[in-house]
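What follows is each chain in one-letter form.
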Amino acid sequence: MTDPVVPAAGGEDPTSPPTSGGPEVSAEHSGDHTHRDVTGGWLRPAVFGAMDGLVSNFALIAGMDGGTESGSQFIVLAGLAGLAAGAFSMAAGEYTSVASQRELARAEIEVERREIQRHPGDEELELAETYEAKGLDPELASKVAQQFHANPEQALEEHVREELGLDPNDLPSPVVAAASSFVCFAIGAIIPVLPYLLGASNVLPALIMSLTALFICGAVVSRVTTRSWWYSGLRQLILGGAAAALTYFVGTLVGPGI
């Protein structure tokens, strides 16, 4: 028969895990101090895809409207063809670009892995010097580097972060980038075509809808930047409107001669 567990002095249960005794992060700070994903590889292609789809297809339709009869079937066909071609092209380009970037990062990580295997002492000293440059005392920097190098994988991760500025466990995904670009380009590109699909006979409804969407997209992007919503929205409206106006002008010059 076992003896019952007697609480230690102060009412603590000796079977409970010991506490660190150090300062603890407040519940308010731990709940509020969070960051958005900045390395997932989806934001840039998503934003670029939506903007490019909207601006390029709006400009394409404006150019077709300037060079053909307003409301003609050629405008709708050009708009849908531009949507499909642009979405597939953007997705393929993003996939290839991010995949190449990921492969380059992995190749450089392997270079660092071989250096750690061949010259562990030199690499440990290099890491210690990096910490010293950041302000740590030489003795502490040496101890930290030594502790990291006790585990080769941890040492590799730390060297990659310090030397390449990469997290080897969180490299951008080419599939995510391609899918984000494809979907967002298609969403942006359908906006200028939609009025024609709903029966519009001239470019005015597409113009109003596209300019409004440009401003809204720019304002939404400001939510993940430091720019004000009106500045970001107005900038996108002006740039997209200028691209469409120039393409419309080219269409009026070239269209009648074709």
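Placed above this text is the structure.
A. Inspection of the side chain of glutamate 158 at higher detail. By secondary structure assignment, the location of glutamate 158 is in helix 6 (residues 152-164). Although glutamate 158 is buried, it forms no salt bridge, and the closest oppositely charged side chain is arginine 161 at an N-O distance of 4.1 Å. Here glutamate 158 is in contact with Leu127, Tyr131 and Phe148, once residues within four sequence places are set aside.

B. Spatial organisation of the pattern of salt bridges. Applying the stated criterion to the full structure yields 6 salt bridges. A salt bridge links glutamate 110 to arginine 113; the shortest N-O distance between them is 3.4 Å. Taken as a pair, glutamate 110 and arginine 113 lie in helix 3 (residues 73-118) at a separation of 3 residues, close to a single helical turn. A relative accessible area of 34% means that glutamate 110 is categorised as partly exposed. Put simply, arginine 113 and glutamate 153 hold a salt bridge, and the shortest N to O gap is 2.8 Å. Residue arginine 113 is located in helix 3, and its partner glutamate 153 is located in helix 6; the two are separated by 40 residues in the primary sequence. Residue glutamate 153 is classed as partly exposed on the basis of its relative accessible area of 42%. The network of salt bridges with common partners includes Glu110, Arg113 and Glu153.

C. View of the packing of aromatic side chains. Taken as a whole and judged by the stated rule, the model has 4 aromatic pairs. When the ring of phenylalanine 88 is compared with that of phenylalanine 182, the centres are 5.2 Å apart and the planes differ by 55°; the resulting orientation is tilted. Placement of phenylalanine 88 in helix 3 and of phenylalanine 182 in helix 7 (residues 174-197) is noted, with a sequence separation of 94 residues between them. Of the residues examined, phenylalanine 182 reaches a relative accessible area of 29% and is grouped as partly exposed.

D. Up close: helix 4 (residues 120-133). Over its 14 residues, helix 4 extends 20 Å from the first C-alpha to the last, a length consistent with the 20 Å expected when each residue adds 1.5 Å. Considered for burial, the residues of helix 4 that qualify are Glu123, Leu127, Ala128 and Tyr131. Seen end-on, helix 4 carries its buried residues on one side only, within an arc spanning 140°. Exposed residues pointing more than 90 degrees away from the buried face of helix 4 are listed as Asp122, Leu125 and Ala133. Buried positions along helix 4 lie against helix 3, helix 5 (138-149) and helix 6. Once helix 4 finishes, glycine 135 follows within two positions and takes phi at roughly 115°, a positive value.

E. Here's a closer look at the environment of tyrosine 248. Mapped onto the elements of the fold, tyrosine 248 is located in helix 9 (residues 229-254). The exposure class of tyrosine 248 is partly exposed, given its relative accessible area of 37%. Along the chain, tyrosine 248 and isoleucine 61 lie 187 residues apart, while their C-alpha atoms are 8.2 Å from each other. Not counting the four nearest positions on each side in its chain, tyrosine 248 is found in contact with Ala62, Gly63, Asp65 and Gly66.

Criteria and thresholds
- Residues numbered from 1 in each chain as written.
- Predicted model: local features only at pLDDT ≥ 70, side-chain atom pairs only at ≥ 80, totals over all residues.
- Heavy atoms only, no water.
- Helix = DSSP H or I, 4+ residues; strand = E, 2+ residues; numbered from the N terminus.
- Buried < 20%, exposed > 50% of the residue type's maximum accessible area, 1.4 Å probe, protein only.
- Lys, Arg positive; Asp, Glu negative; His and termini not counted.
- Salt bridge = Lys/Arg side-chain N within 4 Å of Asp/Glu carboxyl O.
- Contact = heavy atoms within 4.5 Å.
- Phe/Tyr/Trp six-rings, centres within 6.5 Å; stacked < 30°, edge-to-face > 60°.
- Expected span 1.5 Å × (residues − 1).
- Arc of directions from axis to C-beta.

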